[in-house]
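Residue strings, one per chain:
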Amino acid sequence: MTQFNPAPVTLAEVLSPEWLSTMLAARWPGTVVRGVEVVEVLATQATKARIALDIASEGKGGGGTVPTRLCIKGVLTDTGAVPSASIVETLFYREAAAGLPVLVPGCIHASLSADGTRGVIVMNDVIVAGGRFCTALEPFTADEAADGLAALARLHVASQPGSAAFGFGWARSFLDQISKQPIIAQDAMQALLDGPRGVLLAAETRDAGRLQKALEALAADVRAGPLCLVHGDAHAGNVYRQADGALGLVDWQILQKGSWAMDVAYHLAAVLTPEVRRANERRLLAEYCAQLAALGGPAINADDAWRAYRVAMIYGYYLWAITRKVDADITNAFVHRLGTAAQDLESFALLGV
């Protein structure tokens, strides 16, 4: 009998009735999958497959009815991503998600390979349950952005130094990593910024060398300040609404120890149009800080919060400046919003770049 591989290399293996039967039987003994219908496959860095199962024999276990509508995620196709890109998110679902006050899809399986070099996650399909994923092409209202900040505030307070969540050794600083080892070469970043994504930005904002220096300065700034766990990628496409309106977060691949302001600045500039952001960002930032304090987090001085927010805008702008695996209309929208915010807030100058 072939030994079960908890984190396969290929999409074909995780979509096989044999693999799915064994995976589900670990929780619902006796489950047998007869057929698999692939509903949707999305491949950016990781690959996500939404599937519907035909269950021939439904096992029984402590988890209630065997789910038949699933979403499987991992580095399962040749997207150019390294397999290790799946590790942090797998560990988040396996070790951290249940203990944090954030809404995420229900997780059925989150396991690393035997050698610890890759992970695979199996979740409930939130779309089938009435959930709706947000998109860059439908900007948030200020009130919707406030919901996102409330979710982030709960995460930040629950993962302060001294908390169990802050102690996870696998949640390191992605910002530090990319500031020291750039994801792409400077000339490649410059070529991207000189293309359609940067056309509406000032020349000094789309200077790749300047942006890399600003990222390095931001990393030093963040290292010197208070840390907590941050989602790290809280743009509109990683937000969903349940049928009851509750806001959830997905794509925890770059969960890390960092500054609260990295999430707040990135989220507001990514989900709001520049016009709505300009009109509301000071109020929304003040509301976030008030929520943070009310939940037991630090009381942040208004001037300190405003500076931290302004410099942190560089983080989200950098991530989208180098993005190559997402549809151009989405990438261009995010680069424009985040780059415009960095211009408006004089983020580069504040970092001395």
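Each remark here, short or long, concerns the structure printed above.
What you are looking at is a predicted structure, and each value in this text was computed from that prediction instead of being measured. (Residues numbered from 1 in each chain as written. Predicted model: local features only at pLDDT ≥ 70, side-chain atom pairs only at ≥ 80, totals over all residues. Heavy atoms only, no water.)

> What's the story with the pairing of strand β5 (residues 119-124) in this structure? I'm lost.
Strand residues, when the strand is regular, have side chains that alternate between the two faces of the sheet. In terms of burial, β5 is largely enclosed, as 5 of its 6 residues are buried. Counted along the chain from strand β4 (residues 107-112) to the antiparallel partner β5, the turn is 6 residues long, and its residue Gly-116 has a positive phi close to 70 degrees. (Buried < 20%, exposed > 50% of the residue type's maximum accessible area, 1.4 Å probe, protein only. Helix = DSSP H or I, 4+ residues; strand = E, 2+ residues; numbered from the N terminus. Pairing = 2+ DSSP bridges.)

> For this particular structure, what's the right way to read the sheet that holds strand β8 (residues 239-241)?
As a general point, the strands of a sheet are linked pairwise by backbone hydrogen bonds and lie either parallel or antiparallel. Here 3 strands make up an open sheet; going across it, the order is β6-β8-β9 and the pairing antiparallel. For this open sheet the edge positions go to β6 (132-133) and β9 (247-249), each flanked by a neighbour on one side alone. Two elements, β8 and β9, share 3 bridges in a ladder whose sense is antiparallel. From the neighbouring strand, Arg-241 faces β9, where its bridge partner is Leu-247. Packed on one face of the sheet, helix α4 (residues 142-158) meets β8 and β9 and runs near 55 degrees to β9. (Contact = heavy atoms within 4.5 Å. Axes fitted to C-alpha atoms, helices over the stretch in contact; angles between N-to-C directions.)

> What is the right way to read the packing of α4 against helix α8 (residues 260-271) from this model?
When two helices pack together, their arrangement is given by the angle between their axes and by how far apart the axes lie. Remark: α4 packs on α8, axes separated minimally by 10 Å, with the N-to-C direction vectors making an angle of 165 degrees. Relative to α8, the element α4 is oriented roughly antiparallel. Read as a crossing pair, α4 and α8 show a hand that is right-handed. Across from Ala-145, Gly-148, Leu-149, Leu-152, Leu-155 and His-156 in α4, the residues of α8 making contact are Trp-260, Asp-263, Val-264, His-267, Leu-268 and Val-271. Taken together, the residues that form the contact of α4 with α8 break down as 8 nonpolar, 3 polar and 1 charged. (Parallel < 35°, antiparallel > 145°, perpendicular 65-115°, else oblique. Left-handed = near helix turned anticlockwise from the far one by under 90°. Nonpolar A, V, L, I, M, F, W, Y, C, P; charged D, E, K, R; others polar.)

> How should I be thinking about the side chain of Ser-259 in this particular structure?
With respect to the helices and strands, Ser-259 occurs in the loop between β10 (256-258) and α8. Residue class for Ser-259 comes out buried when judged on its relative accessible area of 11%. Aside from chain neighbours lying at most four places away, what touches Ser-259 is Val-222, Pro-226, Leu-227 and Val-230.

> What should I look at first to understand the sheet that holds strand β3 (residues 69-74) in this one?
Strands sit in the order β1-β2-β3-β5-β4 across an open sheet of 5 strands; the sheet is antiparallel. Here the strands that pair on one side only, and so sit at the sheet edges, are β1 (32-43) and β4. Ignoring which end each strand starts from, the neighbouring axes of this sheet average 20 degrees apart. Pairing analysis gives 5 bridges linking β3 to β5, with the strands arranged antiparallel. Looking at β5, one finds that Cys-71 is bridged to Met-123. Most of the contacts of helix α3 (residues 87-96) go to β4, to which it runs at about 130 degrees, and overall it touches β3, β4 and β5.

> Would you take a moment to explain the pattern of salt bridges for this structure?
Side-chain pairs of opposite charge can arise whenever the charged atoms involved come near each other. Going through the model one piece at a time under the given rule, you end up with 17 salt bridges. Of the charged contacts, one joins Arg-307 and Asp-221 as a salt bridge, the two residues approaching to 3.3 Å between their closest N and O atoms. One end of the pair, Arg-307, is in helix α10 (residues 302-321); the other, Asp-221, is in helix α7 (residues 208-223), with 86 residues separating them in the sequence. The exposure class assigned to Arg-307 is partly exposed, which follows from its relative accessible area of 32%. Each of Lys-48, Lys-73, Glu-89 and Asp-251 takes part in one network of salt bridges that share partners. (Salt bridge = Lys/Arg side-chain N within 4 Å of Asp/Glu carboxyl O.)

> Can you walk me through α8 in this structure?
Because each turn of an α-helix spans 3.6 residues, side chains separated by three or four positions end up pointing in the same direction. For α8, spanning 12 residues, the distance from its first C-alpha to its last is 17 Å, which sits close to the expected 16 Å at 1.5 Å a residue. Here α8 lies mainly inside the structure; 12 of its 12 residues are buried. All buried positions along α8 are accounted for by Trp-260, Ala-261, Met-262, Asp-263, Val-264, Ala-265, Tyr-266, His-267, Leu-268, Ala-269, Ala-270 and Val-271. (Expected span 1.5 Å × (residues − 1).)

> In this structure, what is going on with the environment of Leu-24? I would like to understand it.
Tracing the chain through its elements places Leu-24 in helix α2 (residues 17-25). For Leu-24, a relative accessible area of 0% translates into the label buried. Each C-alpha atom, one on Leu-24 and one on Ala-146, is 38 Å from the other, the two residues being 122 residues apart in sequence. Aside from chain neighbours lying at most four places away, what touches Leu-24 is Thr-31, Val-33, Leu-53, Val-66 and Ile-108.

These results come straight from atomic positions and should not be treated as a statement about function.
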